[in-house]
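Below, each chain spelled out in residue letters.
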2 protein chains.
Amino acid sequence: MTLDSQNMLQVIKDFPKQCREALGLPKGISASGKINNIVIAGMGGSAMGGDLLKIYLSNTNIPVYVNRDYKVPNFVDENSLVFAVSYSGNTEETLSALNAAKEKKAQIIGITSGGKLAEECEKVVNIPSGLQPRAALGYLFFPMLGILHNTNIIRVKNDELNEMMGILKQTNKFNEQGEELSKKLKEKIPIIYASEALGAIAFRWKTQINENAKMPAFYNVFSEMNHNEIAGYKSMDHKFSVVMILDKNDNDRVKKRMNICKEIMEEYVEVEEVETQGESLLARMFSAIYLGDYVSYYMALWNRVDPSPVDIIEGMKKKLM
Amino acid sequence: MTLDSQNMLQVIKDFPKQCREALGLPKGISASGKINNIVIAGMGGSAMGGDLLKIYLSNTNIPVYVNRDYKVPNFVDENSLVFAVSYSGNTEETLSALNAAKEKKAQIIGITSGGKLAEECEKVVNIPSGLQPRAALGYLFFPMLGILHNTNIIRVKNDELNEMMGILKQTNKFNEQGEELSKKLKEKIPIIYASEALGAIAFRWKTQINENAKMPAFYNVFSEMNHNEIAGYKSMDHKFSVVMILDKNDNDRVKKRMNICKEIMEEYVEVEEVETQGESLLARMFSAIYLGDYVSYYMALWNRVDPSPVDIIEGMKKKLM
């Protein structure tokens, strides 16, 4: 284990602390005026924070749009709240979308550790630098939650935060469970599934395996995959392995579909199941995310790669200049 | 080649005719009142029509939401136009979403060949039955376009329809190009890429390969995949093969990203490129879709399976009853 891989492990272990710290960062920052919709402009880990916000706001009436693009949707106007999120502050797609949002006179709040984004946003939540963006998900997500709370768009209850923190603090348990599951996925190409409602969590697992373990991984959601992807299992071989993320609040029919699919899939591949923990949505979301972070970390070790650097992505950025 | 596989080939060959016929189906049907957003409730091929509508409306100010779920988003209200789309008319997710939309007093228009959906919608576009839903994409998409045209929400120009039809009618060319490309993908697991704007076209290829060829296939979009999935290529092997769908209107930076990624990917897998054809959006969308339909058809033949029936999906539906 190199210093770098130790470093990633430590950052994962510190994730509960990061979440607690992140909750305090947007103090005194809020949006104002009428807000008809919320757009999160970001890429990779920064967009992921937007996906999580979309899940969290799914019980409200506010449409949420996660924007992974150089432009913003045409419907963005002065009654749109746009979170421009880039860990480095220099993500070119996000800076381009920020300009587009400015032209449309949207309300804009930046979330970044610095870079051009910090310079170009009047309102900004400054988050600590020095991490891999994907390891900064707490910093990238909770400030948005806090701002919406400060703006009275949502009311985040202390109870739900406390429940989430209580569960995340059981770091050793996640570490052990993650290591154990990672062994079952050794040398496999994982396909991660969750319900439509929690699809972003499955996507997080996929991207963490891509970036930490430098391995292919894919994801999809129930029940859409029942209508097409499942037919491909007929030619699936044991190189693949399936992980299903189950949630107690999944629709009963989705639960039944997952059970039936598990039976079908097990004719071709191994299927592992993991469950979200806790009662509140935040606890359920972040317990599953946290487990996936450990799984991807250990998959890097079994794949004999350093989980931290992503040479291909850095090399690509240089060629793009 | 069995009768059934011949049948699928004939249905693909007839696709241009289907599109022309589908354009006439919504005659006299329109929505009324104020429309703030459009929701397409459907699954599989029926949701795909919604994805295409979302692409087509991306230049308007109307937010479009494709709903692959048992419920509809909370923001749906009496100023929402909900297309409830199910080829069979008995898709349980869509019927459930339809009920949810009714409770919210949305304006609802059904698109179906029959079933409960036809009974439960006051306004309905009846489309011909007897096809595999995925082979009925023309019937599932163009009626929505016609209704929005009838409602004066968009103006579909004859020029763009004529251009699209002119290109699609070159069936033999698509057939040949599709067969040729399919040979390069023989025994490979394809990963299909397009720009964010045309991501649904890449998704269509993926699902057609899943259902017609009964093979695994995956998809992703540029530039989001630059931020995570590309890192997984480090452990990618020649079992996989990449197809990039290029569009002349792709953002210049996206074009550059695609070129750089092609170079990176070619260290690990073979990469094929295909281009959309024509000037108008409809022509570009449907030319790429049509090629993918032929590719998936021939991949079924090389995989020695009948492209038409999807036993796994049908078996699953029975178990769900």
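Keep in mind the model is a prediction, meaning the values are calculated, not measured. (Residues numbered from 1 in each chain as written. Chains lettered and ligands numbered in written order. Predicted model: local features only at pLDDT ≥ 70, side-chain atom pairs only at ≥ 80, totals over all residues. Heavy atoms only, no water.)

### Digging into the relation of the copies chain B and chain A
Relative to chain A, chain B is turned by 180° and slid 0.0 Å along the rotation axis, the superposed coordinates differing by an RMSD of 0.0 Å. Here the transformation between the copies is reduced to the relation of a two-fold axis. Taking C-alpha positions as the reference, the residue of chain B nearest the rotation axis is Phe218(B), at 3.7 Å. A share of 100% of interface residues in chain B that are also interface residues in chain A marks the association as one of identical surfaces. (Least-squares fit on C-alpha atoms with pLDDT ≥ 70 in both. Contact = heavy atoms within 4.5 Å.)

### So, the sheet that holds strand 3 (residues 80–86) of chain A
Residue and element names in this part refer to chain A. With parallel pairing, five strands are arranged side by side in an open sheet as 2-1-3-4-5. With one partner strand each, in any of the chains shown, strand 2 (64–67) and strand 5 (124–126) form the two edges of the open sheet. On average, each strand axis in the sheet is inclined to that of its neighbour by 15°, with strand direction left out of account. Its contacts with the sheet place helix 3 (residues 44–56) against strand 1 (37–41), strand 2 and strand 3, and it is angled at close to 165° to strand 2. (Pairing = 2+ DSSP bridges. Helix = DSSP H or I, 4+ residues; strand = E, 2+ residues; numbered from the N terminus. Axes fitted to C-alpha atoms, helices over the stretch in contact; angles between N-to-C directions.)

### What about the sheet that holds strand 9 (residues 270–275) of chain A?
Residues and elements named next belong to chain A. Strand order in the open sheet formed by four strands is 7-6-8-9, and the pairing between neighbours is parallel. Looking at strand neighbours, the two that pair on one side only are strand 7 (218–222) and strand 9, the edges of this open sheet. Strand-to-strand twist across the sheet, computed as the mean angle between neighbouring axes with direction ignored, equals 25°. Two strands pair when backbone bridges link them, and strand 8 (residues 240–246) and strand 9 are joined in this way by six bridges, in the parallel orientation. What sits directly across from Val243, in strand 9, is Glu272. Here helix 10 (residues 252–265) sits on the sheet and contacts strand 6 (189–195), strand 7, strand 8 and strand 9; the angle it forms with strand 8, its principal contact strand, is near 165°.

### Let's talk about the domain arrangement of chain A
Residue and element names in this part refer to chain A. For chain A, the assigned domains read domain 1 (3–156) and domain 2 (170–302). If you look at the interface, domain 1 gives 20 residues, while domain 2 gives 24 residues. Taken together, both faces of the contact between domain 1 and domain 2 bury some 1900 Å²; the carbon and sulfur share is 74%. Area buried by domain 1 at its contact with domain 2 is led by Ile12, Ile55 and Arg134, which between them contribute 34% of it. The interface formed by domain 1 and domain 2 contains one salt bridge. A salt bridge links Glu211 to Arg134; the nearest nitrogen and oxygen atoms lie 3.5 Å apart. In this assembly, domain 1 and domain 2 are joined by five residue pairs in polar contact (both at pLDDT 80 or more). Of all the secondary structure elements, the ones that give two or more residues to the side of domain 1 that touches domain 2 are helix 1 (3–13), helix 2 (15–24), helix 3 and helix 6 (137–150). The element that contributes the greatest number of residues to the side of domain 1 that touches domain 2 is helix 1, accounting for six residues. In terms of residue class, the side of domain 1 that touches domain 2 is built from 14 nonpolar, two polar and four charged. (Domains from an automatic or database assignment. Buried area = accessible area lost by both parts, 1.4 Å probe. Salt bridge = Lys/Arg side-chain N within 4 Å of Asp/Glu carboxyl O. Polar contact = N/O pair within 3.5 Å; in protein donor to acceptor, adjacent residues only side chain to side chain. Nonpolar A, V, L, I, M, F, W, Y, C, P; charged D, E, K, R; others polar.)

### Quick look at the packing of helix 3 of chain A against helix 9 (residues 199–212) of chain A
Residue and element names in this part refer to chain A. The interhelical angle for the contact between helix 3 and helix 9, taken along N-to-C directions, is 160°, at an axis separation of 10 Å. As summarised for this structure, helix 3 and helix 9 are arranged roughly antiparallel, according to the angle between their axes. Handedness of the helix 3/helix 9 crossing: left-handed. Contacts between helix 3 and helix 9 involve Met48, Asp51, Leu52 and Ile55 from the former and Ala200, Ile201, Phe203, Arg204 and Thr207 from the latter. Here the contact of helix 3 with helix 9 is built from residues that sort into six nonpolar, one polar and two charged. (Parallel < 35°, antiparallel > 145°, perpendicular 65-115°, else oblique. Left-handed = near helix turned anticlockwise from the far one by under 90°.)

### Observations regarding helix 8 (residues 171–184) of chain B
All names here are of chain B. Over its 14 residues, helix 8 extends 20 Å from the first C-alpha to the last, a length consistent with the 20 Å expected when each residue adds 1.5 Å. Here helix 8 has its buried residues at Thr171, Phe174, Asn175, Gly178, Leu181 and Ser182. Within helix 8, the buried residues cover an arc of 140° as seen down the axis, which keeps them to one side. Counted as exposed and oriented over 90 degrees from the buried face of helix 8: Asn172, Glu176 and Glu180. (Expected span 1.5 Å × (residues − 1). Buried < 20%, exposed > 50% of the residue type's maximum accessible area, 1.4 Å probe, protein only. Arc of directions from axis to C-beta.)

### Details of the environment of Phe75(A)
Looking at where Phe75(A) falls in the secondary structure, it is placed in the loop between strand 2 and strand 3. Taking relative accessible area as the criterion, Phe75(A) reaches 16% and is therefore assigned buried. A sequence separation of 29 residues divides Phe75(A) from Lys104(A), and the C-alpha atoms of the two residues are 9.2 Å apart. Ignoring any residue separated from it by four or fewer positions in sequence, one finds Phe75(A) in contact with Asn37(A), Val39(A), Tyr65(A), Ser80(A), Asn61(B) and Pro63(B).

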